[in-house]
Amino acid sequence: MTTATVTERGATVWLTGLPSAGKTTLAFALAERLRAEGHKVEVLDGDEIREFLSKGLGFSQEDRHTNVTRIGFVAEKLASHGVKVLAPVIAPYAASRAAVRAQHDKSGTEFLEIHVATPVDVCSVRDVKGLYAKQAAGEIAHLTGVDDPYEAPETPDLRIETQQQSVAESAAELHTFLTTRGLA
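Thresholds, definitions, all that
- The residue numbering used here restarts from 1 in each chain and proceeds along that chain's sequence as written.
- Local features in this predicted model are restricted to residues whose pLDDT is 70 or higher, and side-chain atom pairs enter the listing and the counts only when it is 80 or higher, whereas totals over whole chains, interfaces and linings include all residues.
- Each side-chain value is derived from all of the structure's non-hydrogen atoms; neither hydrogens nor water enter the calculation.
- Only runs of H or I of at least four residues qualify as helices and only runs of E of at least two qualify as strands under DSSP, and these elements are numbered from the N terminus.
- With C-alpha atoms as the basis for the radius of gyration, the globule rule is written as 2.2 Å multiplied by the number of residues raised to the power 0.38.
- Burial classes follow relative accessibility: with a 1.4 Å probe on protein chains only, a residue under 20% of its type's maximum area counts as buried, one over 50% as exposed, and anything between as partly exposed.
- The contact definition used throughout considers only heavy atoms, calling two residues in contact when any of these lie within 4.5 Å.
- Each accessible area is a Shrake-Rupley estimate made with a 1.4 Å probe; only the visible protein chains count as cover when residues are assessed.
- Residues scored as charged are limited to Lys and Arg (positive) and Asp and Glu (negative), so that His and the chain ends carry no count.
- Just so you know, the charge point we use is NZ for Lys, CZ for Arg, CG for Asp and CD for Glu.
- The length a helix should cover is 1.5 Å for every residue beyond the first.
- For this quantity, the arc is that covered by the directions from the helix axis to the C-beta atoms.
- By definition, two strands form a pair when at least two bridges between them are found by DSSP.

Novice: Describe the overall build of the protein, with residues and values.
Specialist: Scanning the protein from terminus to terminus reveals seven helices and five strands. Traced from its N-terminal end to its C-terminal end, the protein shows the element sequence β-α-β-α-α-β-α-β-α-α-β-α. The globule rule puts the C-alpha radius of gyration for 184 residues at 16 Å, and the 17 Å found for the protein is close to it. Here the C-alpha coordinates of the protein stretch approximately 65 × 35 × 30 Å along the principal axes. Scored against the burial criterion, the 184 residues of the protein give a buried share of 44%. Expressed as a percentage of contacts within the protein between residues at least 6 apart in sequence, the contacts between residues at least 24 apart total 77%. When the accessible surface of the protein is split by element, carbon and sulfur atoms take 54% of a total near 9400 Å². A distance of 5 Å separates the average location of the 19 positive side-chain charges in the protein from that of its 25 negative side-chain charges.

What follows is the structure, given as structure tokens:
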């Protein structure tokens, strides 16, 4: 006797925000919870993607757009096959995020934009990579949200203010939102 399997509904959950806003931490906490519930989950971490899929790209607006759309392409392919894709990626330009959403819409794959809305002063305190200190010391330039633009989403599907709650609380808020959308 064979057991029929239910095809899981995939989606891309794009977590956008400033460097050190908590996007990746939140994505991994949520991924752990979703996996424990039996969901297929993949985290497409922006830093890892830059190292492997987008190696050689710089931080010009054009290169950032290319990076974001590459991640969006991979996310859509995975999501179209029933994977919950969590993409903690800065994606500083609204047009780039809109292009990724349009790609998902074209294929009928769900795309949710989550704004991890952490103020820059909180991000600079959390900064484990030292980017804000390096920028302040003049060692690096083009830090998103400081001396390079970050276009915060005007109408994200959900806005999470991580500075007001723990990682577990933020992950629970996002999980509740996904539950209301039939994804968790």
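Read on for the rest.
Novice: Please provide a residue-by-residue account of helix α1 (residues 23-36), values included.
Specialist: Spanning 14 residues, α1 covers 20 Å between terminal C-alpha atoms, matching the ideal 20 Å at 1.5 Å per step. Among the residues of α1, those classed as buried are Lys 23, Leu 26, Ala 27, Leu 30, Ala 31 and Leu 34. Angularly, the buried residues of α1 cover 135° about the axis, an arc narrow enough to put them on a single face. The exposed residues of α1 that point more than 90 degrees off its buried face are Glu 32 and Ala 36. Looking at the buried side of α1, the elements it contacts are β1 (11-16), β2 (41-43), β3 (84-88), β4 (110-116), β5 (158-160) and α7 (167-180). At the exit of α1 stands Gly 38, carrying a positive phi of roughly 95°.

Novice: Report on the pairing of β3, specifying residues and quantitative values.
Specialist: By the criterion of burial, β3 is predominantly enclosed, with five of the five residues buried. Burial along β3 is two-sided: the residues Lys 84, Leu 86 and Pro 88 and Val 85 and Ala 87 are all buried. Pairing geometry for β1 and β3, over five bridges, is parallel. For Leu 15, the partnering residue across the bridge sits in β3 and is Pro 88. Here β2 pairs with β3 via three bridges, running parallel. Counterpart to Val 43 in the pairing with β3 is Leu 86.

Novice: Quick one: what's the story with the pairing of β1, residue by residue and with numbers?
Specialist: The buried fraction of β1 amounts to six of the six residues, a majority that puts the element mostly inside the structure. Burial along β1 is two-sided: Ala 11, Val 13 and Leu 15 and Thr 12, Trp 14 and Thr 16, pointing in opposite directions, are all buried. Judged from the six bridges that link them, β1 and β4 form a sheet pairing that is parallel. Its bridge partner lying in β4, Ala 11 is registered against Glu 110.

Novice: Now, about the environment of Gly 17: what can you tell me, with residues and values included?
Specialist: Within the secondary structure layout, Gly 17 lies in the loop between β1 and α1. Since its relative accessible area comes to 0%, Gly 17 is described here as buried. Separated by 130 residues in the primary sequence, Gly 17 and Asp 147 have C-alpha atoms spaced 15 Å apart. Among all residues touching Gly 17, those that are not within four sequence positions of it are Lys 23, Val 89, Ile 90, His 115, Val 116 and Tyr 150.

Interpretation in functional terms is not warranted from these geometric data alone.
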